[in-house]
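Structural characterization, general
Letter by letter, the chains look like this.
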Amino acid sequence: MSMWVRLTVTAAVAVGLTSSALTPLYDDLGWLVRVLAAVAVVAGSAALARAARLPRAVVPLAAGLGLAAYVVAVFAPGTLRFGVVPGSDTGRSLAATFEQGVLDMQELGAPVPTEPGLVLIAVLGVGAIAITVDLLAVGLRRVAVAGLPLLLLFTVPSAVLSDGAGLLPFVLGATGWLVLLLSDGSDRVSHWGAPMSAVAAGSGPVDPGLARVGRRIGAAALGVAMVVPALVPGLDGRLLGGGAGLGEGSRTTTTYNPITRLAGQLRQPEPQQLLTYRTTTGADYLRLTTLDVFDPAAGWSASELSGDPGDDAVQQGIPVPQGQTLTATRRVSTEITVSSRLDGPWLPVPFPPTDIDIEGAWIWDPEAETAFSVRTKISDIEAPYLVSATPVEPSAELLRRAPAVPDDIRAGYAEPPVVSPYVKQLVARTTAGQPSEYDRVVALQSLFRDPANGFTYDQDASEPGINSPDALENFLRGRVGFCEQYASAMAAMVRSLGIPSRVAVGFIPGRSLGEDRYEVTTSDAHAWPEVWFTGVGWVRFEPTPRTGADTPAYSTPQVEAGPTAGPTASPSTIPVPQTGPDGGPESADRADREALPEVGGAAGTGGGPPRSLLAAPLLLLVLAAPALLSAFRRRRQWRSADAYAAWAVLRDDAVDVGHRWRPADTPRTAAAHLATSRPVGPAAAAALDRLTVAVERARYARPTGVPATDPTGATEATEATALRRDVAALRAGLLAASSTGERWRARLLAPSCLTWAASWLGATIADLLDRTDLALSAARRRLRPRRTATGRSG
């Protein structure tokens, strides 16, 4: 096999192994075969181009043509003429499949099904990376740089999934890159000349040292890459996956992109804690940011946030919101503690805040009424922060009699969007006869909240979201969706009446933990509409019929009339066309059941012991492992029971309490250094002197050759007992001269023992690699055809 073919195949193997990083994004492996086949086609096309001695610049084009032919054959086979030639419908078919894949990416949360559009995107992406890696590694011989496009495959799951790509895909991808490096290095070394090798007598061939060193360096680098992120505090382990659960050192994160990310968060298999908060005035919504720009085709988005780091810092105090002049407020104080899973530039706060006590460069945008930062992230917040807020408490009558909206607010937030005739007619029927803007807004909220209208909440709704053409009408006809769709739909319908509205993104109050504490998880991610009323400012409404999302008292005016008024006079029961799929009550019931907290463990466990109880012995064993390992090591060291063993045990005891033992020191120098840095009592000092003399005699004195005093070895036993006694006295003295933390570390997490265990593990792995190298070399030698020795004719 030529060098070019070997590098081409190795590059394809590296891409194939690294593509395993996409596995968590799909709910099955139906995509994998087509992706690996695309990589093989790219490699084969490149190899054929090089075999044909085409110019180097043409090889990537040939690989791209091969990928294009493969895509057409797999994703649009029905459009090929005679089964080979692309037809006029080929491009349109592929474009439609690709557009559907993009739409699925926007609407579906990972893991996604292996739909053709999603698989096509994966094939095109991995295929493009395969072409790039082949160009860098084989065409340009920049193998190390070829690792960069491989790393791109990890960025997608790391950005989308809270648990990252996972450990196994990282190991596979790193292994593929290391194999590519070793293959290139082996070829380069082969040009230096014939490698020197040795043959041990009767043991078979020995591989050249360079190959062995390269494999060891690769294994060591891979081990460091896996271990270091777990050991270094603050180092983000997102690439490898969080693994740990809530509050257990997980460094994985959850990024919120307004509106478009809500669906993916709500569909996570298990809720994950994002923050906890403490308040004495009752639970409330927490807001991240607001969306004020609406486009019928693209949905809601946010204007650019702005603010001066000096004048608008949240620590300087937050001004009273614009328009809040007529309504009563109440004082709320909330202490918030965020998890490292929550990420993004927006600070979750109760609305509207008046003061935020937090460290860092956080800025207040008075128009978006958002606390944000361009220098830090929520996940960087380590300490709890305190927020003082003054939620408004308007009455329905105050909102009904609100003065006219100022021109600047109406121009920025009330421009009626272009909606379909169906939406216009539904809005007109719903708000007919309502005397004020407030009553029209309440009627639109009641349209969604009244069960008689058939709107149901389902976080797994398959209806198109609000961020696609005609999605608003599709949602209103289908009558099933999650908070993104309800909030977006109501805000757009309110704005179509010329009433200022926007969408807020944040969290519902969450679950009570007792003692005025609440927990907010990914399942509590939420969006809701806000409507402007002069004298009050932005007011929250709640159209989403989900558990935990309550309608504010001021938005249900029939309650103010007294308990006998009843809901019969409500204008909310508006006939909705039954042209969409029947949502029925089943999806709402399912959503409500899923939102209920688990009591007494998971269903179907039969009342067995909780998992925490079963895991307790394992946790205790893990915690006790260093101490048990230290006792085992000490027992092994005392097997010889001589001065060398005593000195080794003394060295470990000194290192365990924090002493810096210098290996190059003589026994006398080491003893003097220890006595200076760790002053001990007279008895321990005398024991140190005796041990120093004993080890010096063992190292430097001529062996006397005098046998033991009696055949039973009583003298040797007496010396061993004396050494043990001196070591025990010194250990007690060192512990007494140390701080409480150093003493506990020496007992439970002995550094000398952990260092010894790591050294032993490294030596064991190195020995295994040596044996593997020898076995492979011997196997190659046996499989290599034997050459017949021929004499030279003379």
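Residues numbered from 1 in each chain as written. Predicted model: local features only at pLDDT ≥ 70, side-chain atom pairs only at ≥ 80, totals over all residues. Heavy atoms only, no water.

Mean pLDDT for the chain: 76, with 74% of residues reaching 70 or above. Here strand β5 (residues 254-255) is the element of the chain with the lowest mean pLDDT, 38, and helix α13 (residues 437-449) is the one with the highest, 95. With pLDDT under 50 throughout, residues 226-257 is counted as low confidence; its partners more than four residues away or in other chains account for 94 contacts. Of the regions scoring below 50 in pLDDT, residues 463-469 engages in 32 contacts with residues more than four places distant in sequence or in other chains. (pLDDT = per-residue confidence, 0-100. Helix = DSSP H or I, 4+ residues; strand = E, 2+ residues; numbered from the N terminus. Contact = heavy atoms within 4.5 Å.)

The next thing to look at is the packing of aromatic side chains. Ring pairs (aromatic) are described by centroid distance and by the angle formed between their planes. Scanning the entire structure with this criterion turns up 16 aromatic pairs. Note on Phe-448 and Tyr-486: the rings are 5.8 Å apart at their centroids and 80° apart in plane angle, and the pair reads as edge-to-face. On the criterion of sequence distance, the pair formed by Phe-448 in helix α13 and Tyr-486 in helix α15 (residues 483-496) is long-range, its members being 38 residues apart. For the pair Phe-448 and Tyr-486, one class covers both residues: buried. What links up through ring pairs into an aromatic cluster is the set Tyr-438, Phe-533, Phe-541 and Tyr-554. A cation over a ring is seen here: Arg-540 above Tyr-285, with NZ or CZ 3.8 Å from the ring centre. (Phe/Tyr/Trp six-rings, centres within 6.5 Å; stacked < 30°, edge-to-face > 60°. Buried < 20%, exposed > 50% of the residue type's maximum accessible area, 1.4 Å probe, protein only. Lys NZ or Arg CZ within 6 Å of the ring centre and 35° of its normal.)

Note that strand β19 (residues 511-514) and strand β20 (residues 517-521) share three bridges and pair antiparallel. Bridge pairing in β20 links Gly-514 to Arg-517. Counted along the chain from β19 to the antiparallel partner β20, the turn is two residues long, and its residue Glu-515 has a positive phi close to 55°. (Pairing = 2+ DSSP bridges.)

Attention shifts here to the pairing of strand β15 (residues 385-389). Most of β15 sits out of view: four of its five residues are buried. In the sheet, strand β10 (residues 332-338) pairs with β15 via five bridges, with the strands oriented antiparallel. Its bridge partner being in β15, Val-332 is matched across the sheet by Ala-389. Summarising the sheet, strand β12 (residues 353-357) and β15 pair through four bridges and their orientation is antiparallel. If you follow Asp-357 over to β15, its bridge partner there is Leu-386.

To continue, consider the sheet that holds strand β22 (residues 537-540). Strand order in this open sheet of four strands is β7-β18-β21-β22, and the pairing throughout is antiparallel. The open sheet has two edge strands with one neighbour each: β7 (286-291) and β22. Strand after strand, the sheet turns through a mean of 40° between neighbouring axes, direction not considered. Note: strand β21 (residues 525-533) against β22, four bridges, orientation antiparallel. Residue pairing in the sheet places Trp-532 in a bridge with Trp-538 of β22. (Axes fitted to C-alpha atoms, helices over the stretch in contact; angles between N-to-C directions.)

So, about unusual backbone geometry. Residue Pro-352 is bonded to the preceding Phe-351 through a cis peptide linkage, with omega at -10°. One non-glycine residue, Glu-515, adopts positive backbone phi at about 55°. Mapped onto the fold, Glu-515 is located in the loop between β19 and β20. We classify Glu-515 as exposed; its relative accessible area is 67%. One non-glycine residue, Asp-516, adopts positive backbone phi at about 65°. Among the secondary structure elements, Asp-516 is positioned in the loop between β19 and β20.

A few words now on the sheet that holds β12. Spatial ordering of the open sheet is given by β12-β15-β10-β6-β20-β19, a layout of six strands whose pairing is antiparallel. Every interior strand has two partners, whereas the edge strands, β12 and β19, have only one. Strand-to-strand, the axes of this sheet are offset by a mean angle of 25°, without reference to chain direction.

Below, the discussion takes up helix α14 (residues 471-478). Burial analysis of α14 places six of its eight residues in the buried class, which makes it a mostly covered element. Next to the buried residues of α14 lie α12 (421-431), α13, β17 (480-481) and α15.

Turning our eyes to something else, we now look at the environment of Gly-548. Of note, Gly-548 is situated in the loop between β22 and α16 (557-560). On the basis of relative accessibility, which here comes to 42%, the residue Gly-548 falls in the partly exposed class. Here the alpha-carbon distance between Gly-548 and Gly-510, two residues 38 residues apart in the chain, equals 7.3 Å. Residues within four places of Gly-548 in sequence aside, it is in contact with Tyr-285, Ile-508 and Pro-509.

Attention now moves to the packing of α13 against α15. Between two packed helices, both the angle of their axes relative to each other and the distance between the axes serve to describe the pair. For the pair α13 and α15, interaxial distance at closest approach is 10 Å and the crossing angle is 150°. If you check the angle between α13 and α15, you find them roughly antiparallel. Here α13 runs over α15; the crossing is right-handed. Two secondary-structure elements touch here, α13 through Val-441, Leu-444, Gln-445, Leu-447 and Phe-448 and α15 through Tyr-486, Ala-489, Met-490, Met-493 and Val-494. Each residue belonging to the contact of α13 with α15 can be placed in one class, and the counts come to nine nonpolar, one polar and no charged. (Parallel < 35°, antiparallel > 145°, perpendicular 65-115°, else oblique. Left-handed = near helix turned anticlockwise from the far one by under 90°. Nonpolar A, V, L, I, M, F, W, Y, C, P; charged D, E, K, R; others polar.)

Moving on to α12. Of all the positions in α12, only Tyr-422, Val-423, Leu-426, Val-427, Thr-430 and Thr-431 are classed as buried. Looking straight down α12, one finds that the buried residues subtend no more than 145° of arc, so they occupy a single side. Structural note: α12 exposes Pro-421 and Lys-424 on the side pointing more than 90 degrees away from its buried face. Where the residues of α12 are buried, they touch α13, α14 and α15. (Arc of directions from axis to C-beta.)

Let's shift gears to the packing of helix α2 (residues 32-51) against helix α3 (residues 59-75). For the pair α2 and α3, the least separation of the axes is 8 Å and the interaxial angle reads 145°. As α2 packs across α3, the resulting crossing turns out to be right-handed. Taking contact as the criterion, the partners of Arg-34, Ala-37, Ala-38, Val-41, Val-42, Ser-45, Ala-46, Ala-49 and Arg-50 in α2 are, on α3, Val-59, Ala-62, Ala-63, Gly-66, Leu-67, Tyr-70, Val-74 and Phe-75. The residue makeup of the contact of α2 with α3, split by class, is 13 nonpolar, two polar and two charged.

Formed by 47 residues in total, the largest nonpolar core has its most connected members in Val-123, Val-133 and Leu-180. Secondary-structure elements contributing two or more residues to this core are α1 (3-18), α2, α3, α5 (116-139) and α6 (147-160). For this core, the leading source of residues is α5, giving 13 residues. Beyond its immediate sequence surroundings of up to four residues, Val-123 is in contact with Arg-34, Val-35, Ala-38, Leu-67, Tyr-70, Val-71 and Phe-75. Phe-294, Tyr-422, Leu-426 and Leu-447 belong to the second largest nonpolar core, which has 40 residues in total. (Core = buried A, V, L, I, M, F, W, Y, C linked by side-chain atoms within 4.5 Å.)

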